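Residue strings, one per chain:
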Amino acid sequence: MTTSQQPIDGTEVAPVGALAVLRRGLLVTPELRSGWLVVVFLGMSVAAGRLIIPVLIQRSLDQGVLGPDGTKPSVVLVGAVIVLIVVIMAALLSWYSQRLLIQRAELAIAGLRTRTFRHIHDLSIADHNQTQRGTLLARVTSDAEALARFATWGMLSWIIQPMIIVGSFVVLAAYSWQLAIIAFICYLPVMPILRFIQRRQFRAHRELRTSVSTLLSGFSETITGAAVIRSYGAEDRALSVLQQSNQHRYRAALLTNGYQATVSVVGDVFGAIALAAVLVVGVTQRVEWGISSGELIACLFLTTLLHEPFAELGETLGDSQEAAAGWDKILGLLDQEPDVSETTSGRDLPSGPLSVHADELWFAYRNSEPVLRDVSVVLPAGSSVAIVGETGSGKTTFANLLCRLADPTQGTLYLAETPLTSVSHESRLASVRMVPQDGFLFDTTVRENIRYGRTGASDDQILASIERLDLTSWVARLPQGLDTRVGQRGESLSVGERQLVALARAALADPGLLVLDEATSAVDPETDRALSKAIGVLASSRTVVSVAHRLSTAESADIILVFDDGRIVEQGHHDELVKANGRYSKLHQAWLGATR
Amino acid sequence: MQDRSTLRRGLRHVGSMVAGHPLPFTFAVTGAAVFAAGTVGATVVLGRITDDVVIKSFETGVDPTSDALLGAVAAIAAIAVLRAAGVVTRRFFAAMTSERVQRGFRGDLATHYVRLPMSWHQGTPAGELLAHADSDTTVASHVLHPLPFSVGVTLLVFFSAISLIIVDPPLALVGFLIFPAMGVLNRIYSRKIEDPAARVQASVGWVSTIAHESIDGALVVKTLGRTEAEVERFGEAVGQLRSDRVEVGFLRAGFDAALGALPSIGIVFVIVVGVYRVDAGAVTPGELVQVASLFTVLAFPMRVFGFFLESLPPSLVAHSRIRKVLDLPLAEPPSAGISPAAGPLGVTIDDVSFSYPDGFNVLSNIDVVIAPGEVLAVVGSSGAGKSTLATLIAGLVPVTTGQILLGETVLNNIDPQERSTALAYVFQEPYLFADTIRANIELNREVSASELSRALETAQASDFISEMPSGVDTVVGERGVTLSGGQRQRVALTRALVRRPRLIVLDDATSAVDTVVEQRILDRLRSDFEATMVIVAQRLSTIRLADRVLFLRDGKVAGLDSHASLLSNDHYARLVSAYEEAEA
C-alpha cells in the first residue's frame, strides 16, 4: 500500500522548466508543429478585432468631437462602419482558425495518448513488475486529460494574448514611440517575476501529479484487493492509507493554487504602474512630443487594455503548469527505452516444431544480480521439455527468454538455428506461444478470449481447436457455453479453466514452440485431466517447454532441465536422473514420500 | 424547457457542493465582489482622468497641477490594490472550496469502495471506479473554480448598469441591449454544449476502463502478440473521445468568437451614439471613454461566466456518476458478538442455497454441522460449488436462502471486525499489496515477533523469506508479482494464522505449494493450532488428513462421512482415484 520504487514515473529526471518540456513535447508530437501558421493567423485576427477599438476612439475624439471644426458625425459614422466590418471579419476568422487549431490539438493529444499506450505495452514485463499499475494508468488517463484540458482552455490564451500584447505595443508606438517605451519599461519586470513564480509553481504541479498517481494506485489496490480487505477486516487500514494520500493531494493542490493566485495579479499591479506613468509623462510632455488629446486618450486606453492579456495569461497559467507537468511525466515514460527492441524486417522461422539452442546465456535485470548464469543447452525440435527447480532458480526467466519477454544480457538464443533477436516480430508471435501462469482473461466471453489466439479466427476454427483439445464437454458445462462471460481478469472461471482457455488460444495459433509456465499447478483433478490431455495433443506436433510445478509433468517429459541458482545443474530423462541420485532424485523421493 | 431544468438542477447541485464549505466560498465571493467594484471603478477613474486631466490640459494649454496628477496616480494605485486583493482572495478561496469538495468526494468514494459488499465489486469494472475517483471528481468540482467569479460577474453587470445610468440614460440603453445579447449567447451555448460535454465524460470513462484492463493484462497481451489489437482497441476509444472533444471545441470556438466580438460591437454603437450625446453636451468625452472601456473590460468576465455555464452540464453528469456509487446505502454493520467467546468454532450450515443474480443455481439445500475443532475436507469436481460454499462460510457473499451459524450466532449478525478476528479465509489466489511482507501479514493489527515467527514457521514461509534481502521487510511488487505462486500462498496463509483464528477456511490455499511442503504445513496446522478447519481439497494427502469429508456433487451434498466410509460411494471413489492418478 505504500509506494514502492517507481523508475518509470519520470520523477528521477532532473527538474526541468515548463519551456524545456514544451520544446521536448513538440519534438515528440509532430501533429502540433505543423499548425504554426494557423496559430499566427488566429492570434492576428483576434488582436486586430481588439486593437481597432482604441483607434476608433482616437479618431472619433480627434476628428469627430474635439476637432477644429467641432462635431463631424459623418467621420464617426464612416469609421464606425469600417470598424464594425473589421470586428465581424476578425470574429469569423478567429472562429475558423480556432476550429482548425482545436482539430489539430485534439489529433495531437489522441496520437500522443495512443503512442504512450503502445509504449507501455512495449516495455518489458520486468519493467511492468517494477512499476505500479496506477502509475502507468495515470500516464494515459489523468496526465493526458490534463494535457487535453489545456488544449481546450489554456493553449489558445498562449497564442492569442501575446499577439494582443505585441499588437498593443505596436499601435501604442504608432501614436507615440516614447510612451510605448515607457509602458514597455513598466511592464518589463513582469516577465522575470512570472518566471520566478512559475518555476516554483511547476515544481508544485509535479508534486501534485505525483500525489495523484499515488492516490490512484491506492484506489486501484482498494478495488482489486477488495476481497482480502473484507475478509481480514482491513477496512480501516485501507481507508486510512487512502485518506492520507487524499489529504496529501489536497495539500499539493492548495499549494499550486496559492501560486496561481499570486501569479494572476502580477499583470494588474504593473498595469497600474504603466497607466500612471503614461498619464503623467504623456500629459506633461504632450507639446514636446506632439501628441493630440485623442492620441493620448487612445494611449491610456491601450495601456489599460494591456493588463487584460496579462491577467488572462495568469488565469490559464495553472492549467498550463498542470499540463506541462503531465506532459513531462508522459515524456519521462516515453524516454524509458523498451529493453526488447523488435525488428519488423527480421527473418521468418520455419513452420513445424522448432529446435532450441541456448548458447552461454546470462541474464540480469537492469544492473541487479544475474538470474541466469552461463546457461547452455540444446533441445531438439518436437521434444517435450520440463524445467524444474526452486523458486528463484531461474526457470521462469529462462522461459521468458524463450518468448523474448526479455533479451539475454549475454549469449545467444537460437530457435531453429536462427538467433531469436533477428527473427521478425510477426513470425515469432506466430511460432512461439506462452501460456502464462497468471491466466489473465479479458472481460468478455470465453469465445472472444479464445479468438485472441489468432487475429481474425472464425467461429468454426475456434470450435475446431476446442474439439481437437477435447474440451467440448468442458465447454458444455459452462453456464452459457462459449458465450459465458469470464468476468474481470477472468475471475469467474477457476485457475485451471483459465488455463484451458489459454491452451485453446495456443492451439488456434498452432505455434512451433509452446512454453507453459507452471501450467498444471493449482488445478482440480478433473480440470487437470482435461489439461493434461490438451497438453498431450498440443505436444504431439510441436516443441513444448513446461516450467513444471508437479513432478508428474517431469516424469513424462523427454528431457528434464534442473535449474539451481541460475544454472542448469542436471539434465536428462526422468529414469536417468533418478538413477543418477542427484538433486532431481531427491526432489522425486520427497514427492513420492508425500503422496504415499 | 430542458435548458431551464438543467440550469436549475445545476445550480442546486452547485449549491449542495458549496453548502459544505461556506467559509472559503464566502471569502471567494467577497473577493469577486471587490474585484467587480474595482473593475467598474477603474473605468470611472479612466473617464475622470480623461476629462479632468487630459482634455482639460489640452483645452487650457496649461499643465495640470501636481496635486491633480498625484490624485490621478493615487486613484489608479488604489483601484489596482483593490482589484489585486480581490483577485488573490477569490482565486485562492475558490480553489480551496473546489479542492475541499474534491477531497470530500474522494474520501466518500474511498469509504464506499471499502465498505460496499463484495458482490458489488464483482459486478463493477475497476477502471470505471478509478475514473470516478479521478476525472469524475475533478470534473464535478471544476465548476466551482469559475463560480465565485461568475457571482462577481453578476455584480459587475449590476455595477456597470448603475454607472451607465449615472453617465447617460440613452447611452445606458445601448448597454442594456448588449447585456441581454451576451446573456442569450451564454444560454444558447450552454444548452448546445450539454450533450456533447456529457459524451466527452462518458468517453473519458471508457478510455480509462480499457487502459486499466489492458495494462492489468500486459503479460497476456504481450505473449499473445495482441499489442497491435490492444492499441487499436484503445485507439478507437481515444478516437471517439477526440471527436467528442472536437465537437465541444467547435462549439466553443463559435462562442469565443461571438462573445469576443459583442463588446466591440457594443463599443462601436456607444461611440456613434456617444458622439451625438457629446455634441448635445449631455456627455463629456471622458464619460464616453469610461463607457467604452467598461465594455472592453466586460469581455473577459463574460467569458468566465460562459465557462461556468459550460462546465455546469459535465459537472452534473460527473456528479451523477459519482452519486451512483455514493447513493448506494452502506448497511450499518451488524454488531453481534460470537458465542461462545473462545475456543474452536463450530459451524452450522442450515438448508443453505446459493444462486447468482442471473438465476444460475450453484448450491442447493446444504445441511452440514461442523463440530468445534473438526477438520472437514470439502471435495467435489469442478463446478460442484466447493469454493462458493467456502466464501459463504467466510461471510464474503451472503446466502440466497437458509442460514449459517458460527458457534451459536447467525453469521449475518456478527460484527465484521469480530468475524475477521475469529475466522480466517485463505484464497486460492492470494492478493498481496505492493508493500512489505510484514505489512501484508499484519494488515491492520500489531503482531508480536514471536507470533509472527510461529505463523511463518507453520506456513513454511520462514525459509524463503529469510533468504530475501530485507527478510519480512522486503517490499513485494503489486499483487505480489515478485513472489512465486507458492510463496504468495504461504504469505497469505501466514496472514491468516497470525490472527489465531478459531475457524480457518482454506480454499485450495496451498495448491501452488510443493506437495512436500504442503504436507508439512497441514501437519503443523493440525498439531499447533486449535481451530476448526474447512479445507477445500484437491489432493488425496489432504483429504486423508481430514476428520470428515463433505462430498459435493452438482451443488448438493452427495456424502458426509470419513474418507474410508465414503469410498463406497461410486462417484466419490472415481473422483478420488482420479486424484490419485493425477498425483502419481
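Analysis parameters
Residues numbered from 1 in each chain as written. Chains lettered and ligands numbered in written order. Predicted model: local features only at pLDDT ≥ 70, side-chain atom pairs only at ≥ 80, totals over all residues. Helix = DSSP H or I, 4+ residues; strand = E, 2+ residues; numbered from the N terminus. Rg over C-alpha atoms; globule rule 2.2 N^0.38 Å. Buried ≥ 20, exposed ≤ 12 C-beta atoms within 10 Å, placed from the backbone. Contact = placed C-beta atoms within 7 Å. Pairing = 2+ DSSP bridges. Nonpolar A, V, L, I, M, F, W, Y, C, P; charged D, E, K, R; others polar. Expected span 1.5 Å × (residues − 1). Bend = angle between axes of the 7 residues up to and from the residue. Core = buried A, V, L, I, M, F, W, Y, C linked by C-beta atoms within 7 Å. Axes fitted to C-alpha atoms, helices over the stretch in contact; angles between N-to-C directions. pLDDT = per-residue confidence, 0-100.

1. Quick notes on the overall build of chain A
Check the secondary structure of chain A and you find 23 helices and 10 strands. What you see for chain A is a C-alpha radius of gyration of 35 Å, clearly larger than the 25 Å of a compact globule of 596 residues, by over 25%. Its C-alpha atoms give chain A principal-axis dimensions of roughly 120 × 45 × 45 Å. The buried share of chain A, reckoned over its 596 residues, is 57%. Considering only residue pairs separated by 6 or more positions, chain A has 82% of its internal contacts joining residues 24 or more positions apart.

2. Quick word on the overall build of chain B
The helix and strand tally for chain B stands at 20 helices and 10 strands. On C-alpha atoms alone, chain B measures out to a radius of gyration of 36 Å, which is more than a quarter above the 25 Å that the 2.2 N^0.38 rule sets for 584 residues. Taken over the C-alpha atoms alone, chain B extends approximately 120 × 50 × 45 Å along its principal axes. Here the contacts in chain B between residues at least 6 apart in sequence split such that 81% fall between residues at least 24 apart.

3. Things to note about the pairing of strand 4 (residues 410–415) of chain A
All names here are of chain A. Direction of pairing for strand 1 (residues 356–364) relative to strand 4: antiparallel, over a ladder of 5 bridges. In the strand pairing of strand 4, V356 is matched with L415. Bridge count for strand 4 against strand 5 (residues 418–419) is 2 bridges, and the pairing is antiparallel. By the bridge assignment, Y414 is partnered in strand 5 with P419.

4. With respect to the sheet that holds strand 2 (residues 370–379) of chain A
Taken in spatial order, the 4 strands make up an open sheet running 2-1-4-5 (chain A), and their pairing is antiparallel. Edge positions in the open sheet fall to strand 2 and strand 5 of chain A, since each of these has one partner strand only.

5. Concerning the interface of chain B and chain A
Facing 143 residues of chain B, the contacting portion of chain A comprises 143 residues. No other element matches the 31 residues that helix 9 (residues 227–279) of chain B contributes to the side of chain B that touches chain A. When the residues that make up the side of chain B that touches chain A are grouped by side-chain class, the tally is 79 nonpolar, 40 polar and 24 charged.

6. A closer look at helix 5 (residues 126–142) of chain B
Residue and element names in this part refer to chain B. For helix 5, with 17 residues, the first-to-last C-alpha span of 24 Å sits near the 24 Å given by 1.5 Å per residue. When the local axis directions of helix 5 are compared, the greatest deviation, roughly 40°, occurs at H132. Judged by how many residues are buried, helix 5 sits mostly within the fold: 16 of 17 residues are covered.

7. Some words on the nonpolar core
Ranked by size, the top nonpolar core spans 378 residues in total, and within it I387 and L503 of chain A together with I271, V378 and V505 of chain B carry the most contacts. Counting residues per element, this core draws most heavily on helix 9 of chain B, at 21 residues.

8. With respect to the sheet that holds strand 8 (residues 543–547) of chain A
Residues and elements named next belong to chain A. In spatial order, the strands read 6-7-8-3-9-10; together these 6 strands make up an open sheet with mixed pairing. A single partner strand is all that each edge strand has here, and the edge strands are strand 6 (432–435) and strand 10 (567–572). Direction aside, neighbouring strands of the sheet carry axes that sit 20° apart on average. Note that strand 3 (residues 384–389) and strand 8 share 4 bridges and pair parallel. Counted as the bridge partner of S384 is V544 from strand 8.

9. A closer look at the environment of Q428 of chain B
Here Q428 of chain B is to be found in the loop between strand 6 (423–426) and helix 13 (437–442). Along the backbone, Q428 of chain B and F250 of chain B are 178 residues apart, and their C-alpha atoms lie at a distance of 53 Å.

10. Overview of helix 17 (residues 515–528) of chain B
A rise of 1.5 Å per residue sets the reference length of helix 17 of chain B, with its 14 residues, at 20 Å; its end C-alpha atoms lie 20 Å apart and thus fit the reference within 8%. Those residues of helix 17 of chain B lying buried are T515, V517, E518, Q519, I521, L522 and L525 of chain B.

11. Observations concerning the confidence of the model for chain A
Residue-level pLDDT values for chain A average 83, and 91% of them are 70 or greater. Segment residues 1–15 of chain A: pLDDT under 50, and 37 contacts once partners within four positions in sequence are set aside and those in other chains are kept.

12. Structural notes on unusual backbone geometry
Cis geometry is adopted by the peptide bond preceding P340 of chain B, which originates at S339 of chain B and carries an omega value of 0°. With respect to the helices and strands, P340 of chain B occurs in the loop between helix 10 (285–326) and strand 1 (347–355). The backbone of D565 of chain A sits at a positive phi, close to 50°, despite the residue not being glycine. The topology assignment puts D565 of chain A in the loop between strand 9 (559–564) and strand 10. According to the C-beta neighbour criterion, D565 of chain A is partly exposed, with 14 such atoms within 10 Å. Here the phi dihedral of N365 of chain B falls at roughly 45°; this positive angle occurs in a residue that is not glycine. In this fold, N365 of chain B is placed in strand 2 (residues 361–370). On the basis of neighbour count, N365 of chain B is assigned to the partly exposed category, with 13 C-beta atoms found within 10 Å.

13. Topic: the pairing of strand 3 (residues 375–379) of chain B
A regular strand places its side chains so that they alternate between the two faces of the sheet. Residues and elements named next belong to chain B. Most of strand 3 sits inside the fold, with 5 of its 5 residues counted as buried. Direction of pairing for strand 3 relative to strand 8 (residues 532–536): parallel, over a ladder of 4 bridges. When the sheet's bridge partners are listed, V378 is paired in strand 8 with V536. Bridging between strand 3 and strand 9 (residues 548–553) involves 4 bridges; their strand directions are parallel. Residue pairing across strands places L376 opposite R548, the latter belonging to strand 9.

14. Comments concerning the environment of A282 of chain B
All names here are of chain B. By the element assignment, A282 lies in the loop between helix 9 and helix 10. When the C-alpha positions of A282 and A455 are compared, they lie 95 Å apart, and in sequence the two are 173 residues distant. If we ignore the near neighbours within four places in the chain, the residues touching A282 are D168 and R277.

15. Regarding the confidence of the model for chain B
Here chain B shows a mean pLDDT of 86. Residues at 70 or above account for 98%. Scoring the predicted complex yields pTM 0.75 and, for the interface, ipTM 0.81.

16. A short note on the environment of S353 of chain B
All names here are of chain B. With respect to the helices and strands, S353 occurs in strand 1. Separated by 278 residues in the primary sequence, S353 and A75 place their C-alpha atoms 82 Å from one another. The residues touching S353, leaving out its near neighbours within four places in the chain, are L363, S364, N365, T400, T401 and G402.

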